[in-house]
Every structure is written in structure tokens, then in C-alpha cells.
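Structural features, examined
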Amino acid sequence: MMFSLIRVPVCMIVLTTAVCSAALRVSPDGRHLATDSGEPFFWLGDTAWELLHRLNEEETAEYLRNRAQKGFTVIQTVVLAELDGLNIPNAAGHLPLIDRDPTRPNPAYFEHVDKVVALAAELGLYVGLLPTWGDKFNRRWGVGPEVFTPEKARGYAAWLAARYRDAPIIWILGGDRAPDNPAHVRVIEAMAEGIRSVVERRQLITYHPSGARSSAEFFHERSWLDFNLFQSGHSRRDNPNFEFTRRDLARKPAKPVIDGEPCYEDHPINRRQVPLPGWFGEFEVRRAGYWSLLAGAAGHTYGHHSVWQMWETARQPLSFARTPWRQALDYPGAFQMGVMRRCFEEYPWTRLRPSQDALGNLPEDPSAGVLAAVDAERQFAFVYSPYGYPFTLARDALVDGPWKARWVDPRTGHTIDSGMHMDGDARMPFDPPGEIARGNDWLLIVTASSFEPAR
């Protein structure tokens, strides 16, 4: 199959990569992501699905700078966008495909994509790039139309990979869809083959499924799938997303796991229920992040309901969006994701291992579940209590004492010294600040007194 743009230079990007290395890989233990030099990479994603479709260059720069300043590391966005992306042009008036044909990419549209990827790189951001939203190969819902055969999928993906082979790209196949039949699987496999034929192992590939599903259900054993992405979704107020993390980490071969679409801030809880039962807020966003990370995730994705669709008052809102995107950029949850990342990166966080057996005196309410992770070398431990319930931590989880402990407020990052804990009973009791209440969440960090994290 010949592509009409084959005579156009395949990579128009001049990248400034002093801040953002273009190469990531899976760590040797199969649990985390790392740079080519072996430095741990903390995936802190933001869902900006409509970024390439709806924002102009000035707006894009505003968005990317905001996310870089808050500590995000990955921007998840889509080439062939969900909201009628084949028929409604981007902000500059360009459609991505000529005659909706994946073998005929539109040069003008991709010049804009080039600029977005290049600016992201300059700001130290990786782009988690979806070649297409899922309705273009599986129109179970959405606008569509379905335009991919395996042959077209392979060629289109190879063309994209050639264009961005030297950029800081992480490839995300799927697009809120499960492959419901063998034809869908063949399309996805062909896209993966097309990308691998160009970049080999220099760029990572994963898969973004529909709600309450994981890439592992469909493609875990495929060699092209570097890590698993799941979508815990937006239907439950108290969704134990850490159960997905645990389940996928238990699979063989070992692959890193990330919640690529948890509950969004300012998203209606179960939008299909009438009347609406409420809206997800900063607490639900924080809890999803700490829960998944302490269950062993390689990072986490945040989302705001208005930001993913770049909603503003002149546009038709999808699923009750109510906050203009510029205002939504600075909602509390977005700042608190940066706090979360800093808490982990102060320590050799990739050594943390889920350690529920180290905890005692736990609450019965599953929405208040307390989770713990302990350093593989037993030098430090993290414990997260979503409602501020007290708990105990086994002394033998860490090296012989004494131990230092501090409470971290996940809203602000401020800390409260919990003092020195000496040898004594088999379990150390801890009582978070404040009263027991939904949203009075705290992170406890306990370290051996001789251990000093690299700050």
C-alpha cells in the first residue's frame, strides 16, 4: 500500500531533548519504566484527548506549560480524535485524513501535530499518542466511521512511527474500546506491527481499553505490549482501583501497570444515573492515585472532565461538563498530583513493594481502605489512610529501630513530624491528624533513623 505523503519528509520535528529523553524502557524487574540511562521514570499522565483537535497553537502552549509546571510527565492525546475528529477540522481548519482515508494523511494537520510534540519535548513532557480513538475501528458507540482494515492500520501506524521515531512518544493503541471480535484484534495487532517495523524497541507501546477493563485481558502475552494500562473509570464513587493494579501485577510475564483513566475531577459519578449522584472531587482523584501506587503501579494518570474535551461555553458539553477548560486547569486535584509525585520521588520509590500483611487494626469500610508499601531493603515504608483511620505497622517490616515517622498532607505536601519510634511492641500504632472523616486522607512515611532519602 502506497501512502500519498510518502514523498513528504517523514519527520519535521526539531526536538530540544536536553530536558526530555526520547527513549524509555521497561525496568529489568518488569515493574517500572526507566530512561535509557536507567533512571526511574514516574508516569504522571494527564488526559488531553482533544488537544490536537480543538486547541490552536497559543492555547496548546498555555495548556502544556501549565501541565509541565505542575509536574506532569505524560500528555495523553489522540491523532484521530473522538469528537467527530474525521469530519470536524482542527482549530486551524484542517482535517487529519484526505477523504477519511488512513492511507492519505493530510500534511497540514500533521504539521500542527509536529509542533505540539516538539513543544512538549522542550517542556520535558512525553506524549502518550493514540493513533486513533476506538470508534474508528470499533463503532460500538461514538461517531466513527470505521475506517481501518488491518492493511490500512499497519500502513498508517508505520507512517506515524516514521514521522515521530525520534520524538519522546509513548504509543497508546485502542482508544476507550475493547477489541470485541477477531477483526478488531487484527486491526490492533497490525498497528502494533506497523509501529514496531519502524521503531523496533526504541519506543514503548500499550493499549487503552474501555471502562473497567485492562489491556492485560486482551494482549498481556503479546511481545509488542510493553506495559499494561487499565481504565478504572467513572461509574463508582468508591472504586477500589488498586484491585486492577494487583491483578495485573500478578500476571506473567511481569509488566508494569498504570491506571490510564481513573475517575476524573469534576466528572459526574455514574452519568447514566438520574438524578446524578454527585461529582468526583479532589479527594477521589487523590485516593485513586495513592491507592494504585501503593498497590505497585508504575505511575498514575489524572484527568479533569472539562480538560480532556477542552470544553468552553461556546461548545456543546459532553456528559455534563460544566467548567471552562482554562479554569479547570487549576483545579486542586491537578496540583495534588504534583505533590504525590514529589512524595514518591524523594525516595527510591521503585523499591516499594505492596505490604498489606504489615498492617493491623484496619477499618472495615472498603472505601476507607488503608494501603501500605515497604522498601524491598526495609529502609522505609509508605502507608495511606483515606479517611484518617488509625492503624498499626509491624516493626519487623523495617530494619531494627529506631524509626522516624512523618505525616504528609496530600492536599499540600506539608508534613507533621510524628517523632521517633523505639523498639517495643510488635506493632507500632499510628493515628493520623484530625478526625476520622471521608477525605481526611494522610500519607505516613516511616524510615529507619539511619536512612536519608536523596532529595
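What you see is a predicted model; the values in this text were computed from it and never measured. (Residues numbered from 1 in each chain as written. Predicted model: local features only at pLDDT ≥ 70, side-chain atom pairs only at ≥ 80, totals over all residues. Heavy atoms only, no water.)

**Overview of the overall build of the protein chain**
Each helix and strand counted, the protein chain has 11 helices and 21 strands in total. A compact globule built from 455 residues should have a C-alpha radius of gyration of about 23 Å, and the protein chain, at 22 Å, falls within 12% of that. Per-residue burial over the protein chain gives 61% buried out of 455 residues. Sequence separation of at least 24 residues holds for 72% of the intrachain contacts in the protein chain that already meet a minimum separation of 6. Taking the average location of the 50 positive side-chain charges in the protein chain and that of its 56 negative ones, the two points are 4 Å from each other. (Helix = DSSP H or I, 4+ residues; strand = E, 2+ residues; numbered from the N terminus. Rg over C-alpha atoms; globule rule 2.2 N^0.38 Å. Buried < 20%, exposed > 50% of the residue type's maximum accessible area, 1.4 Å probe, protein only. Contact = heavy atoms within 4.5 Å. Lys, Arg positive; Asp, Glu negative; His and termini not counted. Charge placed at Lys NZ, Arg CZ, Asp CG, Glu CD.)

**Observations concerning the layout of surface pockets**
The space that makes up the largest pocket amounts to roughly 840 Å³. Looking at the lining of the largest pocket, the elements with two or more residues in it are helix 7 (242–249) and helix 9 (305–308). When residues in the lining of the largest pocket are grouped by element, the largest group, three residues, is from helix 7. Within the lining of the largest pocket, the residues separate by chemical class into 12 nonpolar, 14 polar and 13 charged. (1 Å grid on protein atoms, 1.4 Å probe; cavity = no way out; pocket = protein on both sides within 12 Å on 5 of 7 lines; lining within 4 Å. Points joined across faces, edges and corners; volume = space filled by probe spheres on them. Nonpolar A, V, L, I, M, F, W, Y, C, P; charged D, E, K, R; others polar.)

**Description of the nonpolar core**
By size, the foremost hydrophobic cluster in this structure holds 58 residues, and its most contacted members are Leu51, Tyr63, Leu64, Phe148, Tyr164, Trp171 and Leu173. Once residues lying within four places of it in the same chain are set aside, the contact partners of Tyr63 are Asp46, Ala48, Leu51, Leu55, Ile75, Val307, Met310, Trp325 and Leu329. Core analysis: the next-biggest nonpolar cluster, separate from the first, contains 34 residues, Ala297, Met340, Leu352 and Val408 among them. (Core = buried A, V, L, I, M, F, W, Y, C linked by side-chain atoms within 4.5 Å.)

**A short note on helix 4 (residues 150–163)**
In this model helix 4 runs 20 Å from its N-terminal to its C-terminal C-alpha over 14 residues, within 8% of the 20 Å that 1.5 Å per residue would give. Across the 14 residues of helix 4, 10 count as buried, placing the element largely inside the fold. Of the residues making up helix 4, those classed as buried are Ala153, Gly155, Tyr156, Ala157, Ala158, Trp159, Leu160, Ala161, Ala162 and Arg163. For helix 4, the secondary structure elements touched by its buried residues are strand 5 (74–80), helix 3 (107–122), strand 6 (126–132), strand 7 (169–174) and helix 5 (182–199). (Expected span 1.5 Å × (residues − 1).)

**Thoughts on empty space enclosed by the protein**
This structure, assessed with the given rule, holds two cavities of 30 Å³ or more. For the largest cavity, the calculated volume is near 80 Å³. The wall of the largest cavity is formed by Ser232, Gly233, Arg236, Arg237, Asn239, Asn241, Cys263, Phe280, Glu284, Arg287 and Ala288. Considering only residue class, the lining of the largest cavity consists of three nonpolar, four polar and four charged.

**Considering the sheet that holds strand 14 (residues 359–360)**
Across the sheet, three strands lie side by side as 14-17-20; this open sheet has antiparallel pairing. Bordering the open sheet on either side are strand 14 and strand 20 (427–430), each of which pairs with just one other strand. Pairing of strand 14 with strand 17 (residues 391–394), which is carried by two bridges, proceeds in the antiparallel orientation. Residue Gly360 lies in a different strand from strand 17, and its bridge partner there is Thr392. (Pairing = 2+ DSSP bridges.)

**Let's talk about the pairing of strand 5**
Counting buried positions along strand 5 yields seven of seven residues, so the element is predominantly enclosed. Alignment of strand 4 (residues 43–47) against strand 5, held across three bridges, turns out to be parallel. Across the sheet, Thr47 pairs through a bridge with Gln76, a residue of strand 5. Sheet topology places strand 5 next to strand 6; six bridges connect them, and they run parallel. Each residue of the ladder has a partner; that of Val74, found in strand 6, is Tyr126. This β-α-β element, strand 5 to helix 3 to strand 6, shows right-handed connectivity. (Right-handed = clockwise from strand over helix to strand, strands pointing away.)

**Details of the sheet that holds strand 3 (residues 40–41)**
Strand order in the open sheet made by the three strands is 1-2-3, with antiparallel pairing throughout. What marks the edges here is a single partner per strand, and that holds for strand 1 (24–26) and strand 3. As defined by bridge partners, strand 2 (residues 33–35) adjoins strand 3 across two bridges and the pair is classed as antiparallel. When the sheet's bridge partners are listed, Leu33 is paired in strand 3 with Phe41.

**Considerations on the environment of Ser292**
Within the secondary structure layout, Ser292 lies in helix 8 (residues 282–294). A relative accessible area of 0% means that Ser292 is categorised as buried. When the C-alpha positions of Ser292 and Ala216 are compared, they lie 16 Å apart, and in sequence the two are 76 residues distant. Not counting residues up to four positions away in its chain, the partners in contact with Ser292 are Phe230, Asn241, Phe242, Thr245, Asp259, Ala297 and His300.

**Quick word on the pattern of salt bridges**
Considering all chains together, one arrives at 31 salt bridges under this definition. The shortest N-O distance in the salt bridge between Glu189 and Arg222 comes to 2.3 Å. One end of the pair, Glu189, is in helix 5; the other, Arg222, is in the loop between helix 6 (216–219) and strand 10 (228–231), with 33 residues separating them in the sequence. Of the charged contacts in the structure, one is a salt bridge between Arg196 and Asp226, with a shortest N-O distance of 2.6 Å. Here Arg196 is found in helix 5, whereas its partner Asp226 is found in the loop between helix 6 and strand 10, with 30 residues between them in sequence. Each member of the pair, Arg196 as well as Asp226, carries the same accessibility label: buried. Ionic contacts of the salt-bridge type, sharing partners, join the residues Glu282, Arg286, Asp409, Arg411 and Asp441 into one network. (Salt bridge = Lys/Arg side-chain N within 4 Å of Asp/Glu carboxyl O.)

**What about helix 8?**
Compared with an ideal rise of 1.5 Å per residue, which puts 13 residues at 18 Å, helix 8 spans 18 Å between its outermost C-alpha atoms and is within 8% of the ideal. Judged by how many residues are buried, helix 8 sits mostly within the fold: 12 of 13 residues are covered. For helix 8, every residue scored as buried is listed here: Phe283, Glu284, Val285, Arg286, Arg287, Ala288, Gly289, Tyr290, Trp291, Ser292, Leu293 and Leu294. Positioned one or two residues after helix 8, Gly296 has a phi angle of 115°, which is positive.

In short, geometric facts, not functional conclusions.
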